Amino acid sequence: MRKSLFIPAMLLAACGGTETVPAAQAAASRPAVGANGIERAPAALVVDTAPESTTQMDTGAIVGSLSYPSEVLPAMRVCAFELADGASHCTSSVSGQHEYRIEGVPRGDYQVLVYPRDGSGAPGGYTGCADDLNAGCTAHDLRVVVVEAGKATYDIDPADFYAGNAAVDWPVEP
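My aim in this report is to walk through the structure given alongside it, one point at a time. (Residues numbered from 1 in each chain as written. Predicted model: local features only at pLDDT ≥ 70, side-chain atom pairs only at ≥ 80, totals over all residues. Heavy atoms only, no water.)

So, the overall build of the chain
- Scanning the chain from terminus to terminus reveals 2 helices and 10 strands.
- The N-to-C order of helical and strand elements in the chain reads α-α-β-β-β-β-β-β-β-β-β-β.
- Within the span of the chain, comprising 174 residues, buried residues form 32% of the whole.
- Contacts in the chain between residues at least 24 apart in sequence constitute 66% of all its contacts with a sequence separation of at least 6.
- Carbon and sulfur atoms make up 53% of the accessible area of the chain, which totals about 10800 Å². (Helix = DSSP H or I, 4+ residues; strand = E, 2+ residues; numbered from the N terminus. Buried < 20%, exposed > 50% of the residue type's maximum accessible area, 1.4 Å probe, protein only. Contact = heavy atoms within 4.5 Å. Areas by Shrake-Rupley, 256 points an atom, 1.4 Å probe, with all protein chains shown as cover.)

Here it is in structure tokens:
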């Protein structure tokens, strides 16, 4: 004869369950033995561990550093623009914040720009000049950032604020 399996209410609560079962009801809801002799847990004791939605599994994150050609780092809005359809995914920073993270970005190819919130200047972009900011750099084309499902793409630093006329083709702030 098999012993019944019983999951105490405390264990259920520790695993993320929100319903507490009174002792009398718990005893009555112990697993029942099916026709094949295998015990079945009552529905109240089953903990669903599946993700809330499958779209969570299809997203990643973009992470990087913020800078600005000034002594003060203003509040910024950082946006990733999907190349296929132009959809944007943005996050905001506060003045003096040196890092950003955009969560929930669907997998795909993106361009990343940053917009000063105080209207103090042109946007900055993640370009070929972002690694070597100097007056002679002419690689102001926006780089493609690849986002993979379940992963973060790091070191995406939209630091090129010197694109001038090259920035005319950059996406506008949404």
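Having seen the structure, we can now continue with the description.
Some thoughts on the pairing of strand β3 (residues 59–65)
- Among the 7 residues in β3, 5 count as buried, and that is most of the element.
- With 6 bridges connecting them, β3 and strand β6 (residues 99–106) associate as antiparallel partners. Bridge pairing in β6 links Val63 to Arg101.
- Both β3 and strand β10 (residues 152–153) contribute to a ladder of 2 bridges, which runs parallel. By the bridge assignment, Ile62 is partnered in β10 with Thr153. (Pairing = 2+ DSSP bridges.)

Re the nonpolar core
- Core analysis: the largest hydrophobic core is formed by 19 residues, its most contacted members being Ile62, Leu66, Met76, Val78, Tyr100, Val112 and Ile156.
- For this core, the secondary-structure elements that each account for two or more residues are β4 (76–82), β6, β7 (108–116) and β9 (145–147).
- Ignoring any residue separated from it by four or fewer positions in sequence, one finds Met76 in contact with Leu66, Ser67, Tyr68, Thr91, Ser92, Ser93, Val114, Tyr115, Pro116, Arg117 and Phe161.
- Of all hydrophobic cores here, the second largest spans 8 residues; its members include Phe81, Leu113, Tyr115 and Ala163. (Core = buried A, V, L, I, M, F, W, Y, C linked by side-chain atoms within 4.5 Å.)

What about the state of the cysteines?
- Going through the model one piece at a time under the given rule, you end up with 2 disulfides.
- Here Cys79 is linked by a disulfide to Cys90, with a sulfur-sulfur distance of 2.1 Å. Judged by the sign of its S-S torsion, about 110°, the bond between Cys79 and Cys90 is right-handed. Here Cys79, found in strand β4, pairs with Cys90, found in strand β5 (residues 88–92); they are 11 residues apart in sequence, far enough to count as distant. (Disulfide = S-S within 2.5 Å.)

Some words on the sheet that holds β3
- Read across the open sheet, the 3 strands follow the order β6-β3-β10; overall the sheet is mixed. The open sheet has two edge strands with one neighbour each: β6 and β10.

Re the side chain of Thr153
- Structurally, Thr153 can be placed in strand β10.
- There is a polar contact of 2.9 Å between the side chain of Thr153 and the backbone oxygen of Val146.
- When sequence neighbours within four positions are dropped, the list of residues in contact with Thr153 reads Ala61, Ile62, Val63, Val145, Val146 and Val147. (Polar contact = N/O pair within 3.5 Å; in protein donor to acceptor, adjacent residues only side chain to side chain.)

Focus: the pattern of salt bridges
- For the structure on display, the rule yields 4 salt bridges.
- The salt bridge partner of Glu103 is Arg101, with a shortest N-O separation of 2.3 Å.
- Glu173 serves as the salt-bridge partner of Arg117, at 2.2 Å between the closest nitrogen and oxygen. Linking Arg117 in the loop between β7 and β8 (124–125) with Glu173 in the segment after β10, this pair joins segments that are 56 residues apart in sequence.
- One network of salt bridges, with partners in common, ties together Arg77, Arg117 and Glu173. (Salt bridge = Lys/Arg side-chain N within 4 Å of Asp/Glu carboxyl O.)

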